[in-house]
Amino acid sequence: MDLSVKIGRLKLKNPVTVASGTFGYAEEFKELVNLEGLGAIITKTITKEPRLGNAAPRLAETSSGMLNAIGLQNEGLDNFLKVKLPKLKKIGTKIIVSVSANSAQEFIYCVKQLEDSGVEAIELNLSCPNIKYAKLAKTNKAKARIFAQVAGDTYTLVNALAKKTNTVLIAKLSPNVTDITEIALAAQKAGADALSLVNTFSAMAIDIDTHRPRLANVSGGLSGPAIKPIAVKMVYDVAQAVKIPIIGMGGIMNADDAIEFIIAGAAAVSVGTANFVNPGISMEVIEGIKNYCKKKKLKNIKQLIGTLKR
Ligand SMILES: Cc1cc2nc3c(=O)[nH]c(=O)nc-3n(C[C@H](O)[C@H](O)[C@H](O)COP(=O)(O)O)c2cc1C
């Protein structure tokens, strides 16, 4: 059975990846997961300079979901290149490095450094709901905002990067927009090789005894089963609009959830919040997809992508 899929030029042995920020830099999971068996590992987002992230509490459980406002805590690009990347390269599966930055210049700097260090694929985190980005496009002077919330900003940034690198560029989009297909089309037109969707949904929760927000950041991003049906629709809508492959995510807790995303049009999937519940879940998702293909007599997983019947 052929479970391999292509994300741009990147060939994954199977369609199951782990979502940025929910799997650290894989080292943390090496006793619990056969890392080599994963389709790809998407790292926690890194930035040029180290970041301490937001104040605690940064996580809160909600009905069928999880709120987080980590604020892109990470040890910075230099540390990643020196300490984390050499270990990741030894794992024997594809590594997709997630990057975020405050400006196009900073993005270009990080992407070039990663490319020079042999990184094959980069997920551009254009969509973290928990930090404010400096604005890029001159047309949007009103306030700092997330690149993936404005089609023009997405186009300008991705286009600037696509011109400067041969690395596979995957644009990670925000669900916190009016029409995600408009942003997806802008990323495709700008030269993105693939799309990841979705990042977390802007959300908040309140402690009614103290009247305080349950996150120190007041609001954060909602993930987990609560968002899955909305994420599936976004993947479906975008898959109808674009030609580039999609990595679908949002509330995948088991193989059936992953298969739903693939039928909706995702070429690959990312398992996120589920890793906190069961660190070995990604392996179970791969096994479940295999069994499903066997049951349905599919010789190739590609026969399943975008097969919604209407
Ligand atoms: C604790 C936590 C940290 C996250 N950190 C990042 C991050 O650094 N970069 C990023 O692009 N997405 C980050 N995400 C978003 C996930 O990668 C994913 O897009 C989202 O959680 C939806 O998938 P899920 O419902 O399966 O978790 C984070 C999510 C969680 C729960």
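Scroll up a little and you will see the structure.
Being a predicted model, the structure only gives us computed values, none of them experimental.

1. A few points about the sheet that holds strand E9 (residues 168-172)
And step 1. Around the barrel, which closes on itself, the eight strands sit in the order E3-E4-E7-E8-E9-E10-E15-E16 with parallel pairing between neighbours. Neighbour to neighbour, the strand axes of the sheet diverge by 25° on average, direction disregarded.
And step 2. As judged from the three bridges shared by strand E4 (residues 40-42) and strand E7 (residues 94-99), these two strands associate in the parallel manner. Paired with Ile 42 across the two strands is Ile 96, which belongs to E7.
And step 3. Across the sheet, helix H5 (residues 228-241) lies against strand E10 (194-197) and strand E15 (246-249), angled at about 165° from E15, the strand it touches most.

2. With respect to the site of the ligand
And step 1. Taken together, 24 residues form the shell around the ligand, and within it Ser 20, Thr 45, Gly 224, Gly 251 and Thr 273 come nearest.
And step 2. Between the ligand and Val 198 there is a distance of 2.9 Å, counted from an oxygen atom to a backbone nitrogen or oxygen.
And step 3. For the ligand, the accessible surface in isolation is 610 Å², of which the surrounding protein chains cover 97%.
And step 4. Of the residues that constitute the shell around the ligand, the class distribution is eight nonpolar, 14 polar and two charged.

3. A short note on the sheet that holds strand E11 (residues 201-203)
And step 1. Pairing in this open sheet of four strands is antiparallel, and the strands run E5-E6-E14-E11 from one edge to the other. Looking at the sheet topology across the chains shown, the edges are occupied by strand E5 (59-62) and E11. Across this sheet, the average inter-strand angle for adjacent strands is 35°, counted without regard to direction.
And step 2. By the bridge criterion, three bridges tie E11 to strand E14 (residues 220-223) in an arrangement that is antiparallel. Paired with Ala 203 across the bridge in E14 is Gly 220.

Rules used throughout
Residues numbered from 1 in each chain as written. Predicted model: local features only at pLDDT ≥ 70, side-chain atom pairs only at ≥ 80, totals over all residues. Heavy atoms only, no water. Pairing = 2+ DSSP bridges. Helix = DSSP H or I, 4+ residues; strand = E, 2+ residues; numbered from the N terminus. Axes fitted to C-alpha atoms, helices over the stretch in contact; angles between N-to-C directions. Contact = heavy atoms within 4.5 Å. Near = heavy atom within 4 Å. Polar contact = N/O pair within 3.5 Å; in protein donor to acceptor, adjacent residues only side chain to side chain. Areas by Shrake-Rupley, 256 points an atom, 1.4 Å probe, with all protein chains shown as cover. Nonpolar A, V, L, I, M, F, W, Y, C, P; charged D, E, K, R; others polar.

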